[in-house]
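# Secondary and tertiary structure notes
Spelled out from the first residue to the last, the chains are:
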Amino acid sequence: MNALRQLLRRPANRIHPVRGGVHPDDRKALAASAPITELALPARLDLPLQQHIGASAAPLVRKGQRVAKGEPIARAQGPISAPLHAPTSGRVIAIAERPAHHPSGLAMPTISIEPDGEERWYAALTPCDDPFALDPGAIAERVAAAGIVGLGGATFPAAVKLNLGASHPLHTLVINGAECEPYLTCDDRLMREHAEAVIDGARIMAHALGVGGILVAIEDNKPEAAAAIETAAAGFDAITPIRVPTRYPMGSERHLVQALIGRETPARALTAQLGVVVHNPATAFAVHQALRLGQPLIARVITLSGAAIARPANLWVPLGTPVETLIAHCGGLTEEDARLVSGGPMMGQPLPSPQVPTTKGCNAILALGAAERAPGRTMPCTRCGRCVEVCPCGLVPLELGAHIRAGDLEGAAERGLHDCLGCGSCAYTCPSQQPLAQYIAHAKGELAARERARRKQAETKALAERRTARLEAIKRAKREAMAKRKREAARKQAEQQTETEH
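Residues numbered from 1 in each chain as written. Predicted model: local features only at pLDDT ≥ 70, side-chain atom pairs only at ≥ 80, totals over all residues. Heavy atoms only, no water.

## Here we look at the sheet that holds strand S6 (residues 84-85)
Pairing within the open sheet is antiparallel, and its 3 strands lie in the order S3-S5-S6. The open sheet has two edge strands with one neighbour each: strand S3 (58-59) and S6. Bridge count between strand S5 (residues 72-75) and S6: 2 bridges; the pairing is antiparallel. From the neighbouring strand, Ala74 faces S6, where its bridge partner is Leu84. (Pairing = 2+ DSSP bridges. Helix = DSSP H or I, 4+ residues; strand = E, 2+ residues; numbered from the N terminus.)

Right, dumping it as structure tokens:
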């Protein structure tokens, strides 16, 4: 509690220094003035069962079944998972492998729904007039049942973070409204247009966490959003809106917390160890909808931007809507060879095709024109050190890149590979246009694949050893049974001989 009092007593505009970072052209003007608008239902919604970190959801419906809007169609599996709900009423037309919202384009299990246009609601969650009368566990249960995950892009099940108060001494909830990625304006518009709902959701989450203070951090390039949040929070002493400097990657959870409270989160640790939990404004809005309206997470705000988008927009999109539907709604593409990216240009991922569906973690679709893309010509590293200067994690990206290019992934891991947050600042500032962020992402993926292969090999070996032990036990049991039968037969024979002699 002392830490919280000190935190809330400090000057509202005092921001602690954070290492590194860059100042890219934010390009937010393309969509920042576009209010959130509704998107008409497409002819088909494809809902992948894996839209969150953790175990994928398991289907609850069958092909041909009719579903209502908000009806559960897949259940969570395990403690780190999230259920899935129908974004509208209609008919399940397939449960099959479909291309994923992922650079690989690999297929994954997907539930496909044909909307009927009736928008019939399912009596899903019961609205709660006073969420603050509920105990923290009940709030977390409702958030879990609503399928809410982190909507800033991480997609970690929100209910799991709301239960951290049981294992950590927490004092502060941070609402991360920095939205530091260029082009993105979905959180900006949400805070401008639904500030009261965002604040209400934040208060509900703070109650669930058992914390006494809420900090709402917004980069200072969003004055309208900051003003709206300040007005909505004016009646609540525990809420402190804070305008933070516009610098990428200020939206990184660890670095935002460091800027706000002046303490660095230990490597591979949670901010909860510092007494802080971080959530996104869109997540807070979803919690408000779940508790106050009884509505699960079935739609989200997505920014459509980039020079190759005819009419940049912020759209309220039903989950599972094909990306091509969003692009068509915005007037289509102005360049045939536009590069499609899911998320921001710094940490986003290229899309394999416009036919893939939108998911819970998709906060933006960018169509980058030729003038917005790097020339792509990579030159040898000059060891200028710029990547070291801007790395917010204090790493030496040029050394990581050298080890990765040489195939020494273990050496890269020893030099902090897994501490990299993947912000892309190193690649952005590199004058030789070394794809350092891609190198690091590749190395992480390769090491993860090797670890999965190692675990699988170990599991296979363990299974083989258990099988061998089981077969040996069966053989031993047979030998013992046979020996027992022989002893029994010998005993009987001896008894018969004794009777004959007498």
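## Focus on the packing of helix H4 (residues 186-193) against helix H8 (residues 281-293)
A pair of packed helices can be characterised by two numbers: the angle between their axes and the separation between those axes. It is at 9 Å that the axes of H4 and H8 come closest, and there the two elements cross at 45 degrees. Relative to H8, H4 is oriented oblique. Residues Asp187, Leu190 and Met191 of H4 form the contact with H8, whose own contacting residues are Pro281, Ala282 and Phe285. Grouping the constituent residues of the contact of H4 with H8 by class yields 5 nonpolar, no polar and 1 charged. (Axes fitted to C-alpha atoms, helices over the stretch in contact; angles between N-to-C directions. Parallel < 35°, antiparallel > 145°, perpendicular 65-115°, else oblique. Contact = heavy atoms within 4.5 Å. Nonpolar A, V, L, I, M, F, W, Y, C, P; charged D, E, K, R; others polar.)

## A closer look at the environment of Trp121
Relative to the helices and strands, Trp121 resides in the loop between strand S8 (107-115) and helix H2 (136-145). Along the sequence, Trp121 and Ile80 sit 41 residues apart, while their C-alpha atoms lie 27 Å from each other. If we skip the residues at most four places from it in the chain, Trp121 touches Ala68, Lys69, Gly70, Gln295, Pro296 and Ile298.

## Some words on helix H7 (residues 253-261)
For H7, a buried count of 7 out of 9 residues is recorded, marking the element as mostly surrounded by other parts of the structure. All of the buried residues along H7 are His255, Leu256, Val257, Gln258, Ala259, Leu260 and Ile261. Following H7 by one or two positions, Gly262 adopts a phi angle in the positive range, close to 75 degrees. (Buried < 20%, exposed > 50% of the residue type's maximum accessible area, 1.4 Å probe, protein only.)

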